[in-house]
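Examining the three-dimensional arrangement
Spelled out, the chains give:
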Amino acid sequence: MRWKGREGSKNIEDRRGQRMKRGAGVGIGGIIMALVAIFIFKQDPMQVIGGVMSGQGQKQVSSEPYRPSAQEQEVANFVSVVLRDTEVTWGNLFAQANARYKEPGLVLYSGATPTACGTGQSASGPFYCPGDQKIYLDLSFLNELQRMGASGDFALAYVIAHEVGHHIQTITGTSSKVRQMQARASKPQSNDLQVRMELQADCYAGVWAYHNEQRTRSLDRGDIEEALQAAASVGDDTIMKRAGIPPRKENFTHGTSEQRMQWFNQGLRSGDYNKCDTGI
């Protein structure tokens, strides 16, 4: 993706290098325990995430000035440009609908950081917190993404655009509607609603990719394949197989690899967010 020279977002908050006053990060063991809780004991994914991100009383404290490597800072600059691209795209689309787009924030952090949703941990991967309408990203996630078989700058762009999709669901009321429905639903029904939320966010990411390419003509050969591979690598069936857990549809919370690729393509080919109706 050709991105250098384009404007970055003003909504980036850099907390890299800051330490938590109390508490410790969650390692790979914590991830496995979370997967077991979700897929075997059928616990609510939102409750599990809340547990991983517990410790709301913890505070961020200053540390020595953080000095990222040149490579890491280049990735941070790329993230800023991608976020700005989403701001322009969704700002234009909202304006066409006679609405104003409220831009999300994006926090770069390392290890752990306080959020309105509890303590964010790098082990939980990138996430969006509706409480403060911010996306949280530890750049070490790139290593995990590569380990899962997804690499390239547009794979990361897809991840960011997906989280922005959750922000759109928040500011349009979709997220609140789904949470109310889940409160009255059975466990399998609640999981199905969550899958539909995630697939819609994938579709929104595709819509962004379509309009951003129309505006910037910045995609390189293979970029779309990078995004599709990233979508496939985080499918429920793929993650469960990797964890040694038999895939069971009733336990899915994000959709299969095929579904995630399908809905990203739906947004990419149509460029129409109205085509992102996943049945919510």
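It should be emphasised that the depicted structure is a prediction, and the values quoted were computed from it without experimental measurement.

Conventions used here
Residues numbered from 1 in each chain as written. Predicted model: local features only at pLDDT ≥ 70, side-chain atom pairs only at ≥ 80, totals over all residues. Heavy atoms only, no water. Salt bridge = Lys/Arg side-chain N within 4 Å of Asp/Glu carboxyl O. Helix = DSSP H or I, 4+ residues; strand = E, 2+ residues; numbered from the N terminus. Buried < 20%, exposed > 50% of the residue type's maximum accessible area, 1.4 Å probe, protein only. Pairing = 2+ DSSP bridges. Contact = heavy atoms within 4.5 Å. Polar contact = N/O pair within 3.5 Å; in protein donor to acceptor, adjacent residues only side chain to side chain. pLDDT = per-residue confidence, 0-100. Axes fitted to C-alpha atoms, helices over the stretch in contact; angles between N-to-C directions. Disulfide = S-S within 2.5 Å.

With that out of the way, let us pick up the pattern of salt bridges. All chains considered together, the criterion is met by 16 salt bridges. Arg2 is paired through a salt bridge with Asp220; the nearest N and O atoms lie 2.4 Å apart. Highlighted residues: Arg2 in the segment before strand E1 (12–14) and Asp220 in the loop between helix H7 (187–216) and helix H8 (223–233), separated in sequence by 218 residues. Arg2 gets classed as partly exposed once you look at its relative accessible area, which sits at 43%. The shortest N-O distance in the salt bridge between Arg215 and Asp85 comes to 2.9 Å. Here Arg215 is found in helix H7, whereas its partner Asp85 is found in helix H3 (residues 70–96), with 130 residues between them in sequence. Under the relative-accessibility criterion, Arg215 is labelled partly exposed at 40%. For Asp85, a relative accessible area of 2% corresponds to the buried category. One continuous salt-bridge network, built from bridges that share partners, spans Glu7, Lys10, Arg84, Glu87 and Glu103.

This part covers the pairing of strand E4 (residues 105–108). Across the two faces of E4 the burial is the same, with Gly105 and Val107 and Leu106 and Leu108 all buried. Pairing between E1 and E4: 3 bridges, direction parallel. Looking at E4, one finds that Ile12 is bridged to Leu106. Note: E4 against strand E8 (residues 134–137), 4 bridges, orientation parallel. The partner of Gly105 across the bridge, within E8, is Lys134.

Mapped onto the elements of the fold, Ser110 is located in the loop between E4 and strand E5 (112–115). For Ser110, a relative accessible area of 26% corresponds to the partly exposed category. The spatial distance from the C-alpha of Ser110 to the C-alpha of Phe141 is 10.0 Å, given a sequence separation of 31 residues. In this view, Ser110 contacts Arg16, Gly17, Gln18 and Asp138; residues no more than four positions away in its chain are not counted. Here the side chain of Ser110 touches Gly17 through a polar contact of 2.9 Å, landing on its backbone nitrogen.

Summary statistics for the protein chain give a mean pLDDT of 87 and a share of 84% for residues scoring 70 or more. Overall, residues 36–48 carries pLDDT values under 50, and its contacts beyond four positions in sequence, including any with other chains, amount to 25 contacts.

To continue, consider the pairing of E8. Both strand E7 (residues 127–129) and E8 contribute to a ladder of 3 bridges, which runs antiparallel. Note on E8: the bridge partner recorded for Cys129 is Lys134. Here E7 folds back onto E8, and the loop between the two strands holds 4 residues, one of which, Gln133, carries a positive phi near 55°.

In this section: the sheet that holds E1. One open sheet holds the 4 strands; their spatial order is E1-E4-E8-E7, and the pairing between them is mixed. Bordering the open sheet on either side are E1 and E7, each of which pairs with just one other strand. The mean inter-strand angle of the sheet, taken between neighbouring strand axes irrespective of direction, is 25°. Relative to the sheet, H3 contacts E1, E4 and E8, its axis offset from that of E4 by approximately 170°. Its contacts with the sheet put helix H5 (residues 153–171) on E4, E7 and E8, and the angle it makes with E7 is roughly 25°.

All told, the structure shown has 2 disulfides when counted by the stated rule. Disulfide partner of Cys117: Cys129, at an S-S distance of 2.0 Å. The sign of the S-S torsion, about 95°, decides the handedness of the disulfide formed by Cys117 and Cys129: right-handed. Remark: Cys129 occurs in strand E7 and Cys117 occurs in the loop between E5 and strand E6 (118–121); sequence separation between them is 12 residues. Judged by relative accessible area, which is 26%, Cys117 ranks as partly exposed. The residue that forms a disulfide with Cys203 is Cys276, at a sulfur-sulfur distance of 2.1 Å.

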